[in-house]
Amino acid sequence: MLIRLLAVGLALFGARRVIIRYRKGQSLVFEFLVWMVIFAGLAIVVFIPHETDRFARLVGVSTGFNALVFLVIVGLLLAVQRLFVRTQQLERELTQLVRTLALGETKSASARAPDSSEPRG
Amino acid sequence: MARLCIAVPAFNEAEVIAATLRSIPRALAGADEIAILVVDDGSSDGTSARALALGAADPRVTVLRHAINRGLGAAIATAFAWARAHACDWLITYDADGQHAPEDLAAVFAALAAGRGDVVIGSRMLHPRGMPWYRVVGNWGLNVATWILFGVWTTDSQSGLRGFDRRALESIVLRQDRMAVSSELIKEIRARKLRAAEVPIRAIYTDYSLRKGQRSANGINIVFRLLFDALFGGE
């Protein structure tokens, strides 16, 4: 029972983040759908253990340890997502900084040389 | 006054940048003014110095320099920002490695000026004569990946010769800093409800441009990057 609560809790937490990001326009439909399928799948499979047992036997593992490994993998997936998003954010901020500097340098050059490209209007 | 900006993103292109800039037509029917913008993306070989030297004799040329290398996508986004700030009516991106023919630039601009599309893509794949077979395969692979991910079909999603009108310039938002920007531009056509057109262009392959161009492994990187971003997104 505890494992079901934990899995559903994790799935709800993950799905909440996915929905928030989608509603803010920070993710594509494709990303939204894939993550929703993953988290919905996580929440569903814990309630149909016999089906998952069948799959576990098929791939050659069938002990209770599987559940722990499964949860660890989901936890790692969430951690990787957070890390990736944070790295992306830092990369974008760095690029914006580099861009602002480059555009600023041109502005300074324009101030020194009035015949160079000035914004119109 | 109709103003055209021709953006030349460049990374370590000192060997060819002057010849590329000199090849750009001095006048194009429909454009009252042509501005050439070189975005040196943190080169270490003196690319911007060569471009600045040419710019000293040609007032059309402006050189921007990224302090560090941020990638093709970042350089193109910088060109977009500059073109918006300088009220350009059109923006055309033009590779620095000399793989484009000046008459193809004129053809892309003619299609833009005639209003055939908000975005005009110079497609090397409509008549891929002289293109190495592995490039043809790689380009088609990336076209298919772009179509699967973003639902827009184009015959040359990786073309470096593309034109944008004012509507496209003001609406397109670029997030990809690296080579995946080419597919992202295609995605933006759909996301911003822009009209797209293609004109056939030829690619001039020299030892230099083949050495400098995308490697086949880059294609895998691009697909991986697009998939990863589609799954994990970014803020």
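That block above? That's the structure.
Analysis parameters
- Residues numbered from 1 in each chain as written.
- Chains lettered and ligands numbered in written order.
- Predicted model: local features only at pLDDT ≥ 70, side-chain atom pairs only at ≥ 80, totals over all residues.
- Heavy atoms only, no water.
- Pairing = 2+ DSSP bridges.
- Helix = DSSP H or I, 4+ residues; strand = E, 2+ residues; numbered from the N terminus.
- Axes fitted to C-alpha atoms, helices over the stretch in contact; angles between N-to-C directions.
- Contact = heavy atoms within 4.5 Å.
- Buried area = accessible area lost by both parts, 1.4 Å probe.
- Core = buried A, V, L, I, M, F, W, Y, C linked by side-chain atoms within 4.5 Å.
- Buried < 20%, exposed > 50% of the residue type's maximum accessible area, 1.4 Å probe, protein only.

Residues and elements named next belong to chain B. The strand order across the open sheet built from seven strands is β3-β2-β1-β4-β6-β5-β7, with neighbouring strands paired in mixed fashion. Of all strands in the sheet, those bounded by a partner on one side alone are β3 (61-65) and β7 (196-200). Strand-to-strand twist across the sheet, computed as the mean angle between neighbouring axes with direction ignored, equals 20°. Sitting on the sheet, helix α4 (residues 102-113) is in contact with β1 (3-10), β4 (90-93), β5 (119-123), β6 (162-165) and β7, with an inclination near 150° to β4.

Before going further, it helps to spend a moment on the interface of chain B and chain A. Contact residues are listed per partner, giving 35 residues for chain B and 28 residues for chain A. Of the roughly 3,000 Å² buried between chain B and chain A on both sides combined, carbon and sulfur atoms contribute 57%. Looking at the side of chain B that touches chain A, the elements that each hand over two or more residues are β3, α3 (72-85), α5 (133-150) and α9 (216-232) of chain B. The element contributing the most residues to the side of chain B that touches chain A is α9(B), with seven residues.

Residues and elements named next belong to chain B. If you look at the biggest cluster of nonpolar residues, it comprises 32 residues, and the most contacted ones within it are Leu4, Val8, Ile17, Leu21, Val38 and Ile92. For this core, the secondary structure elements donating two or more residues are β1, α1 (17-23), β2 (33-40), α2 (47-57), β3, β4, α4 and β7. The greatest single-element share of this core, amounting to five residues, is contributed by α4. Among all residues touching isoleucine 17, those that are not within four sequence positions of it are Val8, Ala10, Val38, Thr47, Arg50, Ala51 and Ala96. Ala7, Leu64, Ala75 and Ala77 belong to the second largest nonpolar core, which has 28 residues in total.

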